[in-house]
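Each chain, written out:
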Amino acid sequence: MWKTSDFVREILYFPNTENKNVSRGGNLEKKSAEQEQRIKDERYRLFFEKLSHAVLIHRKGQIMDANTEACKLLGYTREQLITKNLLSFIVDRDDNTEKNIRGELAQFEMKFRRTDGTVMDMEITSVPVDEEDNSIQGSIICDITEHKNADNNLKNQLHFMETLLDTIPSPIFYKNKNNVYIGCNKAFSKEIIGVPKEGILGKTLFDFPYSIPYEMTSVYHKYDMKLMLQGGTQVYEGIVRKTDGTSGIFIFNKAAFTDSSGKISGIVGVMIEITDYKKAVTSLLEKTTLLEGLLESLPDMVFFKDLDGVYLGCNPIFSEYIGLSVDDIVGKNDFDLLDEETARFFREKDKIVLESTSPHKNEEWVDYPDGRKVLLETFKAPLKTSDGKLIGSLGVSRDITSRKHAEQLMLEAKISAEIANRAKTEFIANMSHELRTPLNSIIGFSDVLLEQMFGELNNEQEKYLGHILGSGRQLLGIINSILDISKIENGEVELYYENINIVDLIRETIKILKPLATQKNINIDVQDMSITGICELGKNQMSQVLYNLIGNAIKFTPQNGSISVSIIENEDTFEVSVSDSGIGIPEEHMEEIFLPFRQLESHASRRYGGTGLGLALVKEFIEMHGGDINVKSESGKGSNFIFTIPKKVNGK
């Protein structure tokens, strides 16, 4: 940081204090007074301009002259600066600012704003430069922004470190080489000493006898001094009386720290309370006793061995299997207790666990001493100490003979069910094909007769033929649905993707079903469909989806009801909605509606008809396209089916 000196004063007084007796070999004496003054001015100007610091000459703040460095620093030309007042550059000036600027000799700090708007911290040293006019001041201006930033950064770092230490729950302290406290964190001052940090600094261990028992103070002091002499670290346990009146057991972790030259200048200590840990050890002993009791009461076999396969312990169920007491088993290996084949099998399984250091499960048939043959499920795991050292293996065996028998029965039942289901599916497929042939004939000939190609029909004949044709087509639709479900169950349905305009498909479906809606005076409201609508679909399957959803809406909506159909285009999908004001779906039946051959209520089946296959096919076809379907409904208040399908196959 720039400091004013006599040398600086001499620089600023240079124009008026230059030696008047300068002589240059007699030639200077011959120069006129004007020439002498011009030489002086040239020297002053040269020296003034060559200075490495910014210098301003001003009268009561009004700038009279400025050197090159001042122009660079403030961002103005000399001509511009001469028109300005020094006070105009100062940010946040107060009543003392002008006094400092006009003072006879002053050094102070202020913030300056440059021509580009940036604000810098400046140190100003001002002195009078005219012996006859004290109002003329010379100011040396130094940019101390970096120094201020460095100071602020250091303060911030110190504040950060202090905050960090205060957030650590363990008490921390540090002392100088005279064993005097020079710092600590909040936990140490609040929980251990019980006074603010300021009341601890400069004190020693002996100043707080109420925190550390007197008989221990000298011991801790010796530890500290030894650490300061020898360096390194120390770890030991000690008892400290805390500010809440309780005594705590702490582990002291201490280390010596050095200065920049490597000399020990003090110690830092971290206190870790282990009072709860000590209590935990006591609790662990109690739990160990409890664990032993638990092992004795477990219905499963429990045993543990060392790395050589020697039994370290077991529970009574395992001793019952071996046929010996627990004491007789401990200290022996499998070859001492079992036949060679069984012992070798067990040792191989132990080896797998120990080499892989990971759990392993296996099943084995074993013979009990009483002649019973039992299937055991054995879970073995590596046995390790708390620090991760492998010391053996642990095993738990459970009798799963009954469970295995039940699983076998279930497997056989499952196979039988699959065979029966396959036979059912084949029967449905064959039956559907057999029924479709005569039905197609009935429908075809009925259609031909209704066209009256072989003679005119009276009203009764035409009516009855219409019933035959309608019933035939309805029956054919049911058979086709059954056949579709059968194909889906067998994985025989394939989608043949085409570029289809789904909006056109919706309009075609509504056109086909419009007469049914007209019969019940149901209005079908088609929302705005001014979108492109092009996507890759299986046309037949998607037509069936739309036909079933809109057809169901018409079927389950009473006279004079309403239906709304809309489509929304998203980035990668289309979202189609079909809502109605019909009978709705009870909440308890929401999960059943997409199951095949399910009608919600028997009376609904009689009233509205149907096989319960429509929504099952809808769900299957939509999911085959990679989409999904959801329904919102309330009994008596209509339903809203919403399905989403991707625009491209597999999103590509």
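Parameters and conventions
Residues numbered from 1 in each chain as written. Predicted model: local features only at pLDDT ≥ 70, side-chain atom pairs only at ≥ 80, totals over all residues. Heavy atoms only, no water. Helix = DSSP H or I, 4+ residues; strand = E, 2+ residues; numbered from the N terminus. Buried < 20%, exposed > 50% of the residue type's maximum accessible area, 1.4 Å probe, protein only. pLDDT = per-residue confidence, 0-100. Contact = heavy atoms within 4.5 Å. Salt bridge = Lys/Arg side-chain N within 4 Å of Asp/Glu carboxyl O. Polar contact = N/O pair within 3.5 Å; in protein donor to acceptor, adjacent residues only side chain to side chain. Pairing = 2+ DSSP bridges. Axes fitted to C-alpha atoms, helices over the stretch in contact; angles between N-to-C directions. Expected span 1.5 Å × (residues − 1). Arc of directions from axis to C-beta.

So, unusual backbone geometry
For Thr357, which is not a glycine, the phi torsion comes out positive at approximately 50 degrees. Within the element layout of this structure, Thr357 appears in the loop between α15 (340–356) and β14 (360–367). For Asn521, which is not a glycine, the phi torsion comes out positive at approximately 55 degrees. Structurally, the position occupied by Asn521 is in the loop between α18 (502–519) and β18 (523–526). A relative accessible area of 48% places Asn521 in the partly exposed class.

Points about the confidence of the model for the protein
The pLDDT averaged across the protein works out to 80; a share of 84% of its residues lies at or above 70. The low-confidence segment residues 601–606, where pLDDT is below 50, has three contacts with residues more than four positions distant or belonging to other chains.

Structural notes on the pattern of salt bridges
Tallied over the full model, the rule gives 23 salt bridges. Across the salt bridge formed by Arg78 and Asp65, the nearest N and O atoms sit 2.7 Å from each other. One end of the pair, Arg78, is in helix α6 (residues 78–82); the other, Asp65, is in strand β2 (residues 62–66), and 13 residues separate them in sequence. In this structure Asp65 comes out as buried when scored by relative accessible area, which is 7%. For Lys72, the salt bridge is made with Glu69, and the minimal N-O distance between the two is 3.9 Å. In this pair, Lys72 and Glu69 both sit in helix α5 (residues 68–74), three residues apart, roughly one turn of the helix. Residue classification places Lys72 among the exposed residues on the basis of a relative accessible area of 55%. Judged by relative accessible area, which is 26%, Glu69 ranks as partly exposed. Through salt bridges with shared partners, a single ionic network connects Lys305, Asp334, Arg347, Asp350 and Lys380.

Re the environment of Asp525
Within the element layout of this structure, Asp525 appears in strand β18. Residue classification places Asp525 among the partly exposed residues on the basis of a relative accessible area of 36%. Taking the C-alpha atoms as reference, Asp525 lies 6.0 Å from Ile563; in sequence the two are 38 residues apart. Those residues in contact with Asp525 that lie beyond four places of it in its chain are Ile563, Ser564 and Val565. A polar contact of 2.8 Å, which involves the side chain of Asp525, links it to the side chain of Gln527.

Here we look at the sheet that holds strand β13 (residues 311–314)
In space, the five strands of this open sheet follow the order β13-β12-β16-β15-β14, with antiparallel pairing throughout. Here the strands that pair on one side only, and so sit at the sheet edges, are β13 and β14. Direction aside, the axes of adjacent strands within the sheet are offset by 25 degrees on average. As judged from the nine bridges shared by strand β15 (residues 373–384) and strand β16 (residues 390–399), these two strands associate in the antiparallel manner. Bridge assignment links Glu377 to a residue of β16, and that residue is Arg398.

Examining helix α10 (residues 214–230)
Over its 17 residues, α10 extends 25 Å from the first C-alpha to the last, a length consistent with the 24 Å expected when each residue adds 1.5 Å. Those residues of α10 that sit buried are Thr217, Tyr220, Asp224, Leu227 and Met228. Projected down its long axis, α10 shows its buried positions confined to an angular sector of 95 degrees, all on one face. Of the exposed residues in α10, those oriented more than 90 degrees away from the buried face are Glu215, Lys222, Leu229 and Gln230. As for α10, its buried residues are in contact with β7 (172–176), β9 (233–241), β10 (247–258) and β11 (264–273). Directly after α10, the chain includes Gly231, whose backbone phi takes a positive value near 75 degrees.

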